[in-house]
Amino acid sequence: MGYLLRSAHKDALRLYRDPVAVLLWIGIPLAIGALISLAFGGGGSASVPRARVLLVDREGTFLGGLVAGALSNAGGLFAVEEVAEEEGRAALARGEATSLVVLPGNFSEALLLEEPATIEVLQNPAQRILPRIVEETVSTLPDLVFYVHRLIGEDLRAMAAGPDEGTTFPDERIAEVSVRINRLVERLQGTLFPPVVDVEVVVEREDEQDEGPQVGFALLFLPGILVMSLMFVAQGLGEDLWREDAMTTLRRAAVAPHGFGAFLGGKLLAGAGVVLLVSAVFLGVGCLYLGVPLARWPAAAAWGGLLGTAMIAAMFGLQLVASSQKAGNVLTMMIVFPLLMIGGSFFPFEAMPGWMGAVGRLTPNGWALEHLKAILLGRADATALLAPTAGLVAAGAACFAFSTWRLRARYGGG
Amino acid sequence: MIEVQDLRKTYGDLVAVDGVSFTAEGGAVFGLLGPNGAGKSTTIGCISGLLRPTAGSVRVLGIDVVGDGREARRRLGVVPQELALYEDLSARENLDYWAAAYGLGRGDRAARVEEVLELVGLSDRGRDRVKTFSGGMKRRLNFACGVVHRPDVLLLDEPTVGVDPQSRVRLFDLVRAERDRGTCVLYTTHYMEEAESLCDRLAIVDHGKVIAHGTLAELRSLLGERDLLRLAGAFDPAAQRAALGALADVEVVQCEAEALTLALPAASRRLPELFEAVARAGGDVRETTLTQPSLETLFIKLTGKELRQ
Ligand SMILES: Nc1ncnc2c1ncn2[C@@H]1O[C@H](COP(=O)(O)OP(=O)(O)OP(=O)(O)O)[C@@H](O)[C@H]1O
Ligand SMILES: [Mg+2]
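In every chain, residue numbers begin from 1 and rise along the written sequence. Each chain takes a letter, starting from A, and each ligand takes a number, starting from 1, following the order in which they are written. Whole-chain, interface and lining totals are the exception, using all residues; otherwise, since this is a predicted model, local features are given only for residues with pLDDT of at least 70 and side-chain atom pairs are given and counted only at 80 or more. Side-chain metrics rest on all non-hydrogen atoms present in the structure, leaving aside hydrogens and water.

Caption draft 1: Spatial organisation of the overall build of chain A. Counting secondary structure elements, chain A contains 15 helices and five strands. Buried residues are those whose accessible area, probed at 1.4 Å on protein chains only, stays under 20% of the maximum for their type, while exposed residues exceed 50% and partly exposed ones sit between those limits. In chain A, buried positions account for 48% of the 414 residues. Contacts in chain A between residues at least 24 apart in sequence constitute 77% of all its contacts with a sequence separation of at least 6. Total accessible area computed for chain A in this model is approximately 19,000 Å², and 65% of it derives from carbon and sulfur atoms. Helix and strand assignments come from DSSP, with helices taken as H or I runs of at least 4 residues and strands as E runs of at least 2, each series counted from the N terminus. By definition in these notes, contact holds between two residues if any of their heavy atoms fall within 4.5 Å. With residues, only the protein chains shown are counted as cover, and all accessible areas are computed by Shrake-Rupley using a 1.4 Å probe.

Written out as structure tokens, the structure is:
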């Protein structure tokens, strides 16, 4: 017991003296979190978004498809449907869609020849967040076209006019255009002009309507960001085994009579302190900011600490399966990123297509995230948390036992 | 006391330790002398329980290290070849941590840590982080971490690598102090002078095998007080072997197209006779080295190569 605590103290001291690493693990997810809440204005009153984007293409050229593609690629947040105009307006009026994007009849010509054009984005006023994302995404398209025009507009127009009847562009002409493009790129680097293609946003209806249970939008992101942070901290702490390997202190520990159980246990304990601290501070600030009752804070912080500790044990195991630090990093990253992506840390389950959310909730981090959310929303009482807590402790203990066994197998000794 | 019996350690096809046996007594320094890759660290690894022997037995103070590893490790101190220190911790914190790892209680530790710091001459740097230490200071701290729990058996793996002469003398004093305390010290090195000045008994190892062992005096007598004469140049091996073999008391240790090695008593007085014999057999001498008997010459005699190459 004495050595276990001494080990924990040693690792805590080492972490304390290398604060940059710890700050990075915590800082990266926090920065992402800050960006997200800046982008969506934070606030706890927005309603759960359902992102159905209807696209009306009055012109009916390939450009409509491009816009649909651009929207579909915007983080998988939207389901884009091309519809006829009347049908789309009716659907929006019934509150069945997030936005209606109307591409004008002169759209392709306007883009090609730099004439003013208006893309209408009609919003569902009952939703606040996703319509804004749609608007932002749509507005990047003319921006892009505008800058391309600034660079090679003249040639674009010439090319748009096509070669003389029955001929093709001669090689010299193509070479000439390439040279001009290069020069223009050099000359215009860093120069920005406002786009001439306007995006006019028309909010169709002003009347608010009730959308069922009010879940704070930031509250959908906050637990996910914490889980991401914990995952990074765990990943970094797992890597510490390689630092000990490089310092050969692991081998010295192997020949000490106390052996690896307490050695690794101490490391886990120090890590548990870090993740508990991260959870407590992060959730404390989060609760205050979002107006979540502080009575829910201790349970949420404890859950975060426990989750982080189990993650550290799992990371130990992964690093000890890998044959080198590099292999360990690749292995953990290959597991961490997909898990974060689908497990609700990058995008809340609520914004995912139904099947994806269902799968995401089955991932270990997604499962833990749902419980954390339940605690913060006051939907989980102590008895309901008993079984999940036992499960998390058991999983962590299993990972720890596996790691100790791997450590012995690799470094001999006790 | 360390008893090593027919110790064997293989890595796949590579035989790192090939049937090594020796006994090291308490209150004495036993040296393992050998070139790079001879299997010294592997042997130490097997004794400390870091490596599992492929075959053979290792007993420390009568305890089988494979069977009862924990008890054996409690009595062992190891000073590894690589510095095993926490760079972000101070010297004092390092010592305190390793003392705890070796089971020293909290109360006992503080005093012992100060004592050991004093011993290795780092008292005034105890609060400083290890990453600010010089190489020699780190070596001394590495040593201190291995003896902080007062082990009965001490394994030292090339503890003087990269150390300046003063630090080296200091480390030697530390090793002798441990020996005088009654500790059984196993000391590996590839420095002849270290082995000669420090070790009471020695085993010379090469390619995982013990090729000679005994006290320094016993090993010297293996050479029969003969000097070693090495000639470099161009030779006809067969003719040289015949010509030199005919001379009284001359042993041809090595005979190749570009190198001749001879062992003989009082070689300096017989140089003219030897050169004449070599010349008569068509040899052309470009370089001559005469070495008095030492572990170096013994090693050359036993293996036909120099220890440090
Ligand atoms: N983990 C390992 N895997 C494969 N081969 C190894 C391993 N460890 C040591 N060896 C090999 O075993 C042989 C003995 O190595 P060892 O480290 O015991 O030599 P040494 O006498 O300590 O040398 P040095 O003076 O360079 O420290 C070498 O050929 C080495 O390459
Ligand atoms: Mg070695």
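Caption draft 2: Region of interest: the sheet that holds strand S2 (residues 14–24) of chain B. Residues and elements named next belong to chain B. Here, any two strands with at least 2 DSSP bridges between them count as paired. The sheet built from four strands is open, its strands ordered S2-S1-S4-S5 with antiparallel pairing. Both outer strands of the open sheet, S2 and strand S5 (63–64), are each paired with one neighbouring strand and no more. Two strands pair when backbone bridges link them, and strand S1 (residues 2–11) and strand S4 (residues 55–60) are joined in this way by five bridges, in the antiparallel orientation. Residue pairing for S4: Val4 is matched across the bridge by Val58. On top of the sheet, helix H1 (residues 40–48) reaches S1, S2 and S4; it is set at about 115° to S1, its chief contact. Only C-alpha atoms enter the line fits that serve as axes; for helices the fit covers just the stretch in contact. Angles between N-to-C directions range over 0 to 180 degrees.

Caption draft 3: Here's a closer look at the site of ligand 1. Residues and elements named next belong to chain B. In the neighbourhood of ligand 1, 13 residues make up the surrounding shell, with Gly37, Lys40, Ser41, Thr42 and Glu158 lying closest. Distance and chemistry together define a polar contact, namely a pair of N or O atoms within 3.5 Å, with one atom able to donate a hydrogen and the other to accept it when in protein, and with adjacent residues in sequence counting only for side-chain atoms on both sides. In the environment of ligand 1, an oxygen atom lies 2.8 Å from a nitrogen or oxygen atom belonging to the backbone of Gly37. One nitrogen or oxygen atom from the side chain of Glu158 is found 2.7 Å from an oxygen atom belonging to ligand 1. Relative to its unbound accessible area of 630 Å², ligand 1 is 62% covered by the protein chains. Of all elements in the fold, only S2 and H1 reach the threshold of two or more residues within the shell around ligand 1. Broken down by element, the shell around ligand 1 gets its largest block of residues, three residues, from H1. Residues are grouped as follows: nonpolar covers Ala, Val, Leu, Ile, Met, Phe, Trp, Tyr, Cys and Pro; charged covers Asp, Glu, Lys and Arg; every other residue, Gly included, is treated as polar. For the shell around ligand 1, the residue count by class is five nonpolar, six polar and two charged. If even one non-hydrogen atom of a residue comes within 4 Å of a molecule or strand, that residue is called near it.

Caption draft 4: Spatial organisation of the packing of aromatic side chains. Pairing of aromatic side chains requires ring centres within 6.5 Å, counting the rings of Phe and Tyr and the six-membered ring of Trp. Pairs whose planes differ by under 30 degrees are stacked, by over 60 edge-to-face, and all others tilted. Applying the stated rule across the entire model yields ten aromatic pairs over all chains. Measuring from centroid to centroid gives 6.4 Å for Phe260(A) and Tyr411(A), while their planes differ by 65°, and the two rings are edge-to-face. Residue Phe260(A) is located in helix H10 (residues 259–290), and its partner Tyr411(A) is located in helix H15 (residues 382–411); the two are separated by 151 residues in the primary sequence. Aromatic pair Tyr97(B) and Trp98(B): ring centres 4.9 Å apart, planes at 65°, arrangement edge-to-face. Neither residue differs from the other here; Tyr97(B) and Trp98(B) are each classed as buried. The structure contains a cluster of three or more aromatic residues connected by ring pairs, namely Tyr3(A), Tyr86(B), Tyr97(B) and Trp98(B). Each ring is checked for a lysine NZ or an arginine CZ that lies within 6 Å of its centre and within 35 degrees of its normal; such an atom marks a charge sitting over the ring. Sitting above the plane of the Trp98(B) ring, Arg252(A) keeps its charged end 5.5 Å from the centroid.

Caption draft 5: Summary view of the pattern of salt bridges. Between Lys or Arg on one side and Asp or Glu on the other, a salt bridge is scored when a side-chain nitrogen of the former is within 4 Å of a carboxyl oxygen of the latter. Applying the stated criterion across every chain yields a total of 35 salt bridges over all chains. A salt bridge links Glu85(A) to Arg58(A); the nearest nitrogen and oxygen atoms lie 2.8 Å apart. One end of the pair, Glu85(A), is in helix H4 (residues 85–93); the other, Arg58(A), is in the loop between strand S1 (52–57) and helix H3 (62–72), and 27 residues separate them in sequence. For Glu85(A), a relative accessible area of 19% puts it in the buried group. Arg58(A) gets classed as partly exposed once you look at its relative accessible area, which sits at 42%. Ionic pairing is found between Glu87(B) and Lys138(B), a salt bridge with its closest N-O pair at 3.4 Å. Placement of Glu87(B) in the loop between strand S6 (76–79) and helix H3 (91–101) and of Lys138(B) in helix H5 (residues 135–147) is noted, with a sequence separation of 51 residues between them. By relative accessible area, Lys138(B) is classed as buried at 15%. Three or more residues are tied together by salt bridges with common partners; here these are Lys10(A), Asp11(A), Arg14(A), Asp240(A), Arg243(A), Glu244(A) and Lys267(A).

Caption draft 6: Local environment of the sheet that holds strand S10 (residues 209–215) of chain B. All names here are of chain B. In space, the six strands of this open sheet follow the order S6-S7-S8-S3-S9-S10, with mixed pairing throughout. The open sheet has two free edges, formed respectively by S6 and S10, since each of these has just one partner strand. Taken over all neighbouring pairs, the strand axes of this sheet differ in orientation by 15° on average, direction set aside. Pairing analysis gives five bridges linking strand S7 (residues 153–157) to strand S8 (residues 184–189), with the strands arranged parallel. For Leu156, the partnering residue across the bridge sits in S8 and is Tyr187. Across the sheet, H5 touches S6 and S7, and the angle it forms with S6 is around 165°. Contacting strand S3 (29–33), S7 and S8, helix H6 (residues 165–180) crosses the sheet at an angle of about 150° to S8.

Caption draft 7: A look at the nonpolar core. Residue and element names in this part refer to chain B. Throughout, nonpolar core names a set of buried Ala, Val, Leu, Ile, Met, Phe, Trp, Tyr and Cys residues whose side chains join them through atoms within 4.5 Å. With 140 residues, the main nonpolar core has Leu141, Phe143 and Leu295 as its most contacted residues. Apart from residues lying up to four places away in sequence, Leu141 is in contact with Leu85, Ala91, Leu95, Leu122, Val130 and Phe133. Core analysis: the next-biggest nonpolar cluster, separate from the first, contains 15 residues, Leu244, Val250, Cys255 and Ala277 among them.

Caption draft 8: Summary view of the coordination of the magnesium ion (ligand 2). All names here are of chain B. Metal coordination here is assigned from N, O and S atoms located within 2.8 Å of the ion, or within 3.2 Å for Na, K and Ca; omission of water means that sites may look incomplete. Coordination of the magnesium ion (ligand 2) by the protein involves Ser41 (OG) and Gln81 (OE1), with metal-donor separations of 1.9 to 2.2 Å. On the criterion of sequence distance, the pair formed by Ser41 in helix H1 and Gln81 in the loop between S6 and H3 is long-range, its members being 40 residues apart. Residue Ser41 is classed as partly exposed on the basis of its relative accessible area, which comes to 31%.

Caption draft 9: Up close: the side chain of Arg73(B). Within the secondary structure, Arg73(B) sits in helix H2 (residues 69–75). Here Arg73(B) sits buried without a salt bridge, and the closest side chain of opposite charge, Asp68(B), lies 8.1 Å off (N-O distance). Among the polar contacts made by the side chain of Arg73(B), one reaches the main-chain carbonyl oxygen of Ala256(A) at a distance of 3.4 Å. Charged residues are defined here as Lys and Arg on the positive side and Asp and Glu on the negative side; His and the ends of the chain fall outside this count.

The values are spatial; any link to function lies outside them.
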